[in-house]
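# Results of the structural survey
In case you want the letters, here they are:
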Amino acid sequence: MITFGAIMTLRLIEPPEDWDGSPEDAVKRGMVKAESSQHNLVVTTGTALLASAIFETMSAATFTSATMQNATGAIGSGSTTPAPSNTGLVTEIARALRSNVSYVAGPPSYTKYFFFYGKASAGGPTGTVRECGVFCDVTLPGLTGGTLLNRALVSPAIVKGATDVLTFEVDLQVTPS
């Protein structure tokens, strides 16, 4: 048997106005205003997607590149408890295409995905983030559709203002039991 799990971490960063460094640099320099980390629910559609990818390709490296191509991190303001039958967020605010991915062979195997939401002046969203999730194989360029992999409530909620930057990191773990 194989089990899937993930931890989602959101970090709200308030960089100086002239900051041109990476979000990772901002975290290292202590510019984090708020952080929320939680386990999530891998929903029914996500479990089916992961199982299909593993059993069809028999390669975690192929899974990383093929199944998660066009993966997007979604944030929303809904506060309904995640359920296995979820196929989307309750109240989606914004999506971001993955900005980075890394893979560590196991067991257990870890794949880490990063998503980034910029300042409002650069087109980034604002609002209270109470939920988050990852969608696979979305339609480009509009970042629409796709299959919901996992969903979590953000507690405590994070309020993203116009000058804030938000990072969303997902550690996906695949463990043989």
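Read on for a plain summary of the structure. (Residues numbered from 1 in each chain as written. Predicted model: local features only at pLDDT ≥ 70, side-chain atom pairs only at ≥ 80, totals over all residues. Heavy atoms only, no water.)

### Notes on the sheet that holds strand β5 (residues 92–97)
Taking strand neighbours across the sheet as the criterion, the five strands line up as β3-β9-β8-β4-β5 in an open arrangement whose pairing is antiparallel. Both outer strands of the open sheet, β3 (41–42) and β5, are each paired with one neighbouring strand and no more. As defined by bridge partners, strand β4 (residues 72–76) adjoins strand β8 (residues 127–136) across five bridges and the pair is classed as antiparallel. Following the sheet pairing, G73 is matched in β8 by V134. (Pairing = 2+ DSSP bridges. Helix = DSSP H or I, 4+ residues; strand = E, 2+ residues; numbered from the N terminus.)

### Digging into the environment of D164
As for its placement among the helices and strands, D164 is situated in the loop between β9 (147–160) and β10 (165–176). On the basis of relative accessible area, D164 is assigned to the buried category, the value being 2%. When residues no more than four places from it in sequence are discounted, the contact partners of D164 are L12, I13, E14, K33, G118, K119 and V159. In this structure the side chain of D164 is engaged in a polar contact, spanning 3.1 Å, whose partner is the side chain of K33. Within the structure, D164 has its side chain in polar contact with the backbone nitrogen of G161 (distance 2.7 Å). (Buried < 20%, exposed > 50% of the residue type's maximum accessible area, 1.4 Å probe, protein only. Contact = heavy atoms within 4.5 Å. Polar contact = N/O pair within 3.5 Å; in protein donor to acceptor, adjacent residues only side chain to side chain.)

### Concerning the packing of aromatic side chains
Counted according to the given criterion, the structure contains one aromatic pair. Geometrically, the ring pair formed by F115 and F168 is tilted, given 5.3 Å between the ring centres and 45 degrees between the ring planes. Remark: F168 occurs in strand β10 and F115 occurs in strand β7 (residues 109–117); sequence separation between them is 53 residues. The two residues F115 and F168 agree in class, both being buried. Over the ring of F135 we find R95; its NZ or CZ atom is 3.8 Å from the centre of that ring. (Phe/Tyr/Trp six-rings, centres within 6.5 Å; stacked < 30°, edge-to-face > 60°. Lys NZ or Arg CZ within 6 Å of the ring centre and 35° of its normal.)

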